[in-house]
Amino acid sequence: MVRRTKTEALETRNSLLDAAEHLFQARGVSRTSLNDIATEAGTTRGAIYWHFKDKADLFNAMMERVTMPLECSLATTVQAAADPLLALRESMLSALRQTANDEQTRRVFEVATHKVEYVSEMQAVRDRHLRVRNECMTMTAEALRHAVKREHIELPMPLSTAALGLHVMMDGLIQNWLLDPHAFDLVRSGSETVDAYLAGLGFEVLPRHAHAHPVPA
């Protein structure tokens with residue numbers, strides 16, 4: 001009986017998150033109420049408060065369902081065995097592939113990028129955004145540090161600036177692609193841009209890395 005209750009609770013939680021994803025995308029976060037989400041999920045407002053503290057808590061849980069794999073994939077690059085640069089590059093391209101090919105990831109990224117306002121009730125969302133950004137930049141900088149040591153090169157800018165540039169470039173690629181997915185091929189253009197940036201830092205990205213992980217047409 002307990003096992004079934006836990007299963008049902010998980011199903012309700014996922015239904016609420018599914019409803020929030022679609023309503024946030026269609027209406028925007030500020031114009032979507034908790035009542036709207038409960039109605040769309042076929043449950044009650046009380047069910048929302050059973051699972052989530054408030055709208056910001058629900059929003060962050062929605063984000064965790066799709067962004068955690070992306071964040072964790074970057075974390076592995078620091079301990080990447082033979083080639084930290086190649087591992088960093090692959091984690092960037094993996095994020096682009098998931099955004100381009102996974103509908104749920106694309107929907108949630110669109111909400112997080114274009115459909116949310118950092119008003120007072122969403123302060124926790126802003127806090128999470130900043131935390132994740134800072135963690136990703138720290139891990140990127142660490143991966144670059146290992147790559148610099150392995151390649152025996154000197155960066156043309158501080159390590160933190162190089163990591164910031166890579167993060168901003170990835171963020172900009174995804175944001176602009178979400179505005180019009182037909183404007184350019186996110187994976188192909190992204191891989192070419194990442195390679196050009198890494199080469200500009202002084203790494204020998206091509207041809208040594210070019211064929212290790214071919215980009216699909």
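Below, the structure is looked at part by part. (Residues numbered from 1 in each chain as written. Predicted model: local features only at pLDDT ≥ 70, side-chain atom pairs only at ≥ 80, totals over all residues. Heavy atoms only, no water.)

## Quick look at the nonpolar core
Phase 1: Judged by nonpolar contacts, the single largest core of 29 residues is most densely connected at L144, L198, L201 and F203.
Phase 2: Contributing elements (two or more residues each) for this core: α5 (84-101), α7 (123-151), α8 (159-179) and α9 (186-200).
Phase 3: Considering each element in turn, this core owes the most residues, nine residues, to α8.
Phase 4: Those residues in contact with L144 that lie beyond four places of it in its chain are L88, L159, A162, A163, L198, L201 and F203.
Phase 5: Core analysis: the next-biggest nonpolar cluster, separate from the first, contains 25 residues, A19, F24, A38 and V66 among them. (Core = buried A, V, L, I, M, F, W, Y, C linked by side-chain atoms within 4.5 Å. Buried < 20%, exposed > 50% of the residue type's maximum accessible area, 1.4 Å probe, protein only. Helix = DSSP H or I, 4+ residues; strand = E, 2+ residues; numbered from the N terminus. Contact = heavy atoms within 4.5 Å.)

## Things to note about the pattern of salt bridges
Phase 1: Summed over all chains, the structure comprises 13 salt bridges.
Phase 2: With a closest N to O distance of 3.7 Å, E103 and R107 form a salt bridge. One end of the pair is E103 and the other is R107, both in helix α6 (residues 103-114) and four residues apart, which spans about a single turn.
Phase 3: A residue is classified by how much of its surface remains accessible, and E103, at 55% relative accessible area, is exposed.
Phase 4: Overlapping salt bridges, with partners in common, bring together D18, E21, R65, E103 and R107 in one network. (Salt bridge = Lys/Arg side-chain N within 4 Å of Asp/Glu carboxyl O.)

## Quick look at unusual backbone geometry
Phase 1: A positive phi angle, near 60°, is found at H152, a position not held by glycine.
Phase 2: Here H152 lies in the loop between α7 and α8.

## Comments concerning the packing of aromatic side chains
Phase 1: Within this structure, the stated rule accounts for one aromatic pair.
Phase 2: With a centroid separation of 5.9 Å and 40° between ring planes, the pair formed by F24 and F59 is classed as tilted. You can see F24 sitting in helix α1 (residues 2-27) and its partner F59 sitting in helix α4 (residues 55-75), a full 35 residues away along the chain. (Phe/Tyr/Trp six-rings, centres within 6.5 Å; stacked < 30°, edge-to-face > 60°.)

## Overview of helix α2 (residues 34-41)
Phase 1: For α2, every residue scored as buried is listed here: L34, I37 and A38. Along the axis of α2, the buried residues cluster in a sector spanning 100°; they form a single face.
Phase 2: After α2 finishes, the residue G42 shows a positive phi value of roughly 75°. (Arc of directions from axis to C-beta.)

## A few points about the packing of α6 against α8
Phase 1: Between α6 and α8, the least distance of the axes is 10 Å, while the angle of their chain directions is 100°. Classed by the angle they form, the pair α6 and α8 counts as roughly perpendicular. Side by side, α6 and α8 meet where R106, F109, E110, T113 and H114 of the first sit next to I174, Q175, W177, L178 and L179 of the second.
Phase 2: Of the residues that constitute the contact of α6 with α8, the class distribution is five nonpolar, three polar and two charged. (Axes fitted to C-alpha atoms, helices over the stretch in contact; angles between N-to-C directions. Parallel < 35°, antiparallel > 145°, perpendicular 65-115°, else oblique. Nonpolar A, V, L, I, M, F, W, Y, C, P; charged D, E, K, R; others polar.)

## Looking at the side chain of T32
Phase 1: As for its placement among the helices and strands, T32 is situated in the loop between α1 and α2.
Phase 2: Polar side-chain contacts of T32 include one of 3.4 Å to the backbone oxygen of L23.
Phase 3: Ignoring any residue separated from it by four or fewer positions in sequence, one finds T32 in contact with L23, F24, R27, I37 and K55. (Polar contact = N/O pair within 3.5 Å; in protein donor to acceptor, adjacent residues only side chain to side chain.)

## A short note on the packing of α5 against α8
Phase 1: Between α5 and α8, the least distance of the axes is 11 Å, while the angle of their chain directions is 15°. Considered as vectors, α5 and α8 are oriented roughly parallel to each other. Where α5 crosses over α8, the handedness of that crossing is right-handed. Residues L88, M92, A95, L96, T99 and A100 of α5 form the contact with α8, whose own contacting residues are L166, M170, I174 and W177.
Phase 2: Across the contact of α5 with α8, the residue classes tally to nine nonpolar, one polar and no charged. (Left-handed = near helix turned anticlockwise from the far one by under 90°.)

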